[in-house]
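Here's the letter readout for the chains.
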Amino acid sequence: MRKYFLLSAAALMAATNVNAEMSATADYAQIGVSASVSYATKVECSQDLSFGNVVVNSNITEDQTVRLDPDYRNIEKSSGIADVIDSHVGMCDFDITSLDGQLIGLDSESGDGITARLEVFQDTETTYNLGGTLNIYPDATPTSYSATLTVIKNHE
C-alpha cells in the first residue's frame, strides 16, 4: 500500500510539473533604439563675463545685488555695495540668447555659493553681450566665485 501511495504521489507531482510547464505564459515587448550624431565646433567667446571685485560693506544684513547691464555696460549696485572694480560684460560672436533670464550658481573652492541671473543683449548682427545681476548673501564668504556655462546651438 505504501508503494502505491508513493507511486501515485510521484505521478501526481510529474503531472503537476507537466501542467505547470504547459500552462506557463510569457510576456514580450519590442522597443526601438535610435541615436542621432552631430559634430560640434568649439567656439570661444571673445570676453568672459566678470562682475569684477565686488566690495561689500561688512555690516550688511540683507542680500546685495550688482547689475551689469549688457546693453549700456553700466553698473547698478545696491546700497550695501561699496564699490565694483574691473567688471565687464561677456562678448560672444554667436547666438547666446538661450542664456537670457537663466539663474546660475557661482561656487567657490570652499563650496560656498552665490547666484546670478543672466541677461543677453544683441549688440550687432553677430555679436552678443552677456551681463546680469549678481546676488550676494549676507553670510557670503569673502572669496572668488565662478561658474562655467556651455551653450549649444544646433545648425539646421
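These figures come from a predicted structure and were not determined experimentally.

What is meant by a disulfide is a covalent connection between two cysteines, made through their sulfur atoms. Applying the stated criterion across every chain, the model contains one disulfide. Between the sulfur of Cys45 and that of Cys92 lies a disulfide, 1.8 Å long from S to S. On the S-S bond that ties Cys45 to Cys92, the torsion sits near 90 degrees, and the link is right-handed. Placement of Cys45 in the loop between helix 1 (2–23) and strand 1 (53–56) and of Cys92 in strand 5 (residues 90–92) is noted, with a sequence separation of 47 residues between them. Look at Cys92 and you get buried, because its relative accessible area is 5%.

What follows concerns the confidence of the model for the protein. Averaged over all residues, the pLDDT of the protein equals 84, while 84% of them reach at least 70. Considering only residues more than four positions removed or in separate chains, one finds that residues 15–20, a stretch of pLDDT under 50, has zero contacts.

Assignment of secondary structure puts Thr115 in strand 7 (residues 113–122). Polar contacts involving the side chain of Thr115 include one to the side chain of Tyr137, which spans 3.3 Å.

A few words now on the pattern of salt bridges. Counted under the stated rule, the structure contains four salt bridges. Among the ionic pairs, Asp123 bridges to Arg73, the shortest N-O distance being 3.6 Å. Taken together, the residues Asp123 in the loop between strand 7 and strand 8 (128–136) and Arg73 in the loop between strand 2 (64–68) and strand 3 (75–77) connect sequence positions 50 residues apart. A single salt-bridge network, built from bridges that share partners, covers Arg67, Asp69, Glu76 and Glu119.

The two faces of strand 6 (residues 103–107) differ: Ile104 and Leu106 on one face are buried, but Leu103, Gly105 and Asp107 on the other face are not. As paired elements, strand 6 and strand 7 share five bridges and run antiparallel to each other. What sits directly across from Asp107, in strand 7, is Gly113. Count of turn residues in the strand 6/strand 7 antiparallel hairpin: five residues, of which Gly111 carries a positive phi of about 95 degrees.

About the cut-offs
- Residues numbered from 1 in each chain as written.
- Predicted model: local features only at pLDDT ≥ 70, side-chain atom pairs only at ≥ 80, totals over all residues.
- Heavy atoms only, no water.
- Disulfide = S-S within 2.5 Å.
- Helix = DSSP H or I, 4+ residues; strand = E, 2+ residues; numbered from the N terminus.
- Buried < 20%, exposed > 50% of the residue type's maximum accessible area, 1.4 Å probe, protein only.
- pLDDT = per-residue confidence, 0-100.
- Contact = heavy atoms within 4.5 Å.
- Polar contact = N/O pair within 3.5 Å; in protein donor to acceptor, adjacent residues only side chain to side chain.
- Salt bridge = Lys/Arg side-chain N within 4 Å of Asp/Glu carboxyl O.
- Pairing = 2+ DSSP bridges.

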